[in-house]
Amino acid sequence: MKGIYKLAVVGVGKIARDQHLPAIAAQPGFELVACASRNASVDRVRNYRDIDALLAAEPSIDAVSLCAPPQVRYAQALAALEAGKHVMLEKPPGASVSEVAALQEIAQAHGCTLFASWHSRAASAVEPAREWLAKDAGAIRSVEVRWKEDVRRWHPGQQWIWEPGGLGVFDPGINALSIVTRVLPHEIALRGATLTTPSDTSTPIAAELDCVATNGAPVRAVFDWRHGPVEEWDIDIDTDAGRLSMREGGKRLSIAGKEIDLGREREYPALYEQFHALIETKASDVDVRPLRLVADAFLNGRRVETEAFGR
Ligand code: NAP
């Protein structure tokens, strides 16, 4: 029989309220019993100010889902794993690649599940796209990513995105990279990048990435936060068998000019199903490749200063 796990959510902000809480309520394998957030609380569960207070008061919790910004992910995950809890990480799984590797070792030492979630990989176009590219597409010739939106619309008032570890425009851009690294049958290597960075922020407002797949196909990505009013979250993959296009962040798929019928959108319910299955099978799922590409862009990118954002 499948277990029902007592769960706590840490960092009750935009994504916790928009997606995590409704998805958990609809998932019979988890019972939300508590939350930890400095300024917010959730009805009908016990609330604490931070994860240390939560862990001290709730020894029977089985798992935690970490929904605060990436800069505090490591400390929160460390505390939870050391207390023997299974941990689900919002994307990105850390503010650095090395801290995610450290968490993997700690999770293993404590016999806990660590799930680095990538919600865009659960978009309905992704698995059909992956299957077609693996079986029917022939050679991949090129990949073009355009991920553009208005930062003032999608991140109103958020300061952490502009601080070190906050990723800037890579906060949405990493979603595209999570899809590309999932669907392509090849690894990709970053060759160069341009990071357009306002004079008053630590992180970029726009970026261009120049990568190459192991079969030699160019993979280019353009991320821009100065775009609107209609966002563009598109990926085009040209192959021997025609073009595969994912639109609207993976909600729509066309292959060789034909629109494909997809199941209904259920990104976060699918993530909690996956977390549950990982706990049941005593497994972890930590794929750092999207974060590694972002880290490589910071490592290898040319920084171009642009006008102040006016935070
Ligand atoms: P958010 O609303 O700005 O932050 C979430 C909550 O985290 C805040 O309300 C805050 O709650 C807590 N928090 C903030 N700074 C903290 C700190 N220094 N220490 C401890 N807690 C802190 O951000 P969000 O948009 O929900 O994003 C959170 C994570 O989810 C990010 O990694 C983001 O990439 C990811 N995500 C966001 C979206 C989206 O559409 N927004 C979509 C997918 C994934 P308290 O003040 O109550 O502590």
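That block above? That's the structure.
Here is a short report on the structure shown in this document. Remember, predicted model here, so these are calculated numbers, not experimental data.

**Some points on the pairing of strand β8 (residues 188-198)**
Counting buried positions along β8 gives eight out of eleven residues, so the element sits mostly inside the fold. Summarising the sheet, β8 and strand β9 (residues 206-213) pair through eight bridges and their orientation is antiparallel. Each bridged residue has a counterpart across the sheet, and for Thr196 the counterpart in β9 is Ala206. For β8 and strand β15 (residues 301-306), the ladder comprises six bridges, and the chain directions are parallel. By the bridge assignment for β15, Pro198 is matched with Thr306.

**A short note on the site of the ligand**
Around the ligand there are 23 residues in total, and Ile15, Ser37, Arg38, Asn39 and Asp171 lie nearest to it. At 2.9 Å from an oxygen atom of the ligand is found a main-chain nitrogen or oxygen belonging to Lys14. Arg73 has a polar side-chain atom sitting 2.9 Å from an oxygen atom of the ligand. Within the complex, the protein chains bury 80% of what would otherwise be the 880 Å² of accessible surface of the ligand. In a pocket analysis with a 2 Å cut-off to the grid points, the ligand is assigned to the largest pocket. Among the domains, domain 1 (5-116) and domain 2 (120-263 + 294-306) are the pair contributing at least three residues each to the shell around the ligand.

**Some thoughts on the pattern of salt bridges**
Once their charged atoms are close, side chains differing in charge can pair, the charge on each being opposite to the other. Following the criterion strictly, the structure yields 23 salt bridges and no others. Linking Glu144 and Arg220 is a salt bridge whose minimum nitrogen-to-oxygen distance equals 3.5 Å. In this pair, Glu144 is assigned in strand β7 (residues 140-148) and Arg220 in strand β10 (residues 218-224), connecting sequence segments 76 residues apart. The exposure class of Glu144 is partly exposed, given its relative accessible area of 30%.

**Structural notes on unusual backbone geometry**
Looking along the chain, the bond that leaves Lys91 and enters Pro92 is cis, with omega of -10°. Looking along the chain, the bond that leaves Gly228 and enters Pro229 is cis, with omega of 0°. If you trace the backbone, Pro229 turns up in the loop between β10 and β11 (232-239). Here the phi dihedral of Leu167 falls at roughly 75°; this positive angle occurs in a residue that is not glycine. Structurally, Leu167 is set in the loop between α6 (151-154) and α7 (170-183). With a relative accessible area of 6%, Leu167 lands in the buried category.

**Focus: the sheet that holds strand β3 (residues 46-48)**
Strand pairing in a sheet relies on backbone hydrogen bonds. The paired strands run either parallel or antiparallel. The six strands lie next to each other as β3-β2-β1-β4-β5-β6, forming an open sheet whose pairing is parallel. Only two strands of the sheet have a single partner each, and these edge strands are β3 and β6 (114-116). Along the sheet, successive strands turn relative to each other by an average axial angle of 25°, direction set aside. Sheet topology note: the strand β1 (residues 5-10)/strand β2 (residues 30-36) ladder contains six bridges and is parallel. Within the sheet, the bridge partner assigned to Leu7 lies in β2 and is Leu32. Strands β1, β2, β4 (63-66), β5 (86-89) and β6 of the sheet are contacted by helix α8 (residues 267-280), whose axis makes an angle of about 150° with β5.

**Side note on the packing of aromatic side chains**
Under the counting rule described, the total for this entry stands at nine aromatic pairs. Each ring, one from Phe115 and one from Phe275, has its centre 6.2 Å from the other, and the planes form 25°; the classification is stacked. Here Phe115 is found in strand β6, whereas its partner Phe275 is found in helix α8, with 160 residues between them in sequence. Between the aromatic rings of Trp162 and Phe309, the centroid separation amounts to 4.6 Å while the plane-to-plane angle is 40°, which identifies the pairing as tilted. One end of the pair, Trp162, is in the loop between α6 and α7; the other, Phe309, is in the segment after β15, and 147 residues separate them in sequence. For the pair Trp162 and Phe309, one class covers both residues: buried. Taking NZ or CZ as reference, Arg152 lies 4.1 Å from the ring centre of Phe309, over its face.

Criteria and cut-off values
Residues numbered from 1 in each chain as written. Predicted model: local features only at pLDDT ≥ 70, side-chain atom pairs only at ≥ 80, totals over all residues. Heavy atoms only, no water. Buried < 20%, exposed > 50% of the residue type's maximum accessible area, 1.4 Å probe, protein only. Helix = DSSP H or I, 4+ residues; strand = E, 2+ residues; numbered from the N terminus. Pairing = 2+ DSSP bridges. Near = heavy atom within 4 Å. Polar contact = N/O pair within 3.5 Å; in protein donor to acceptor, adjacent residues only side chain to side chain. Areas by Shrake-Rupley, 256 points an atom, 1.4 Å probe, with all protein chains shown as cover. 1 Å grid on protein atoms, 1.4 Å probe; cavity = no way out; pocket = protein on both sides within 12 Å on 5 of 7 lines; lining within 4 Å. Sits in = over half its atoms within 2 Å of the grid points. Domains from an automatic or database assignment. Salt bridge = Lys/Arg side-chain N within 4 Å of Asp/Glu carboxyl O. Axes fitted to C-alpha atoms, helices over the stretch in contact; angles between N-to-C directions. Contact = heavy atoms within 4.5 Å. Phe/Tyr/Trp six-rings, centres within 6.5 Å; stacked < 30°, edge-to-face > 60°. Lys NZ or Arg CZ within 6 Å of the ring centre and 35° of its normal.

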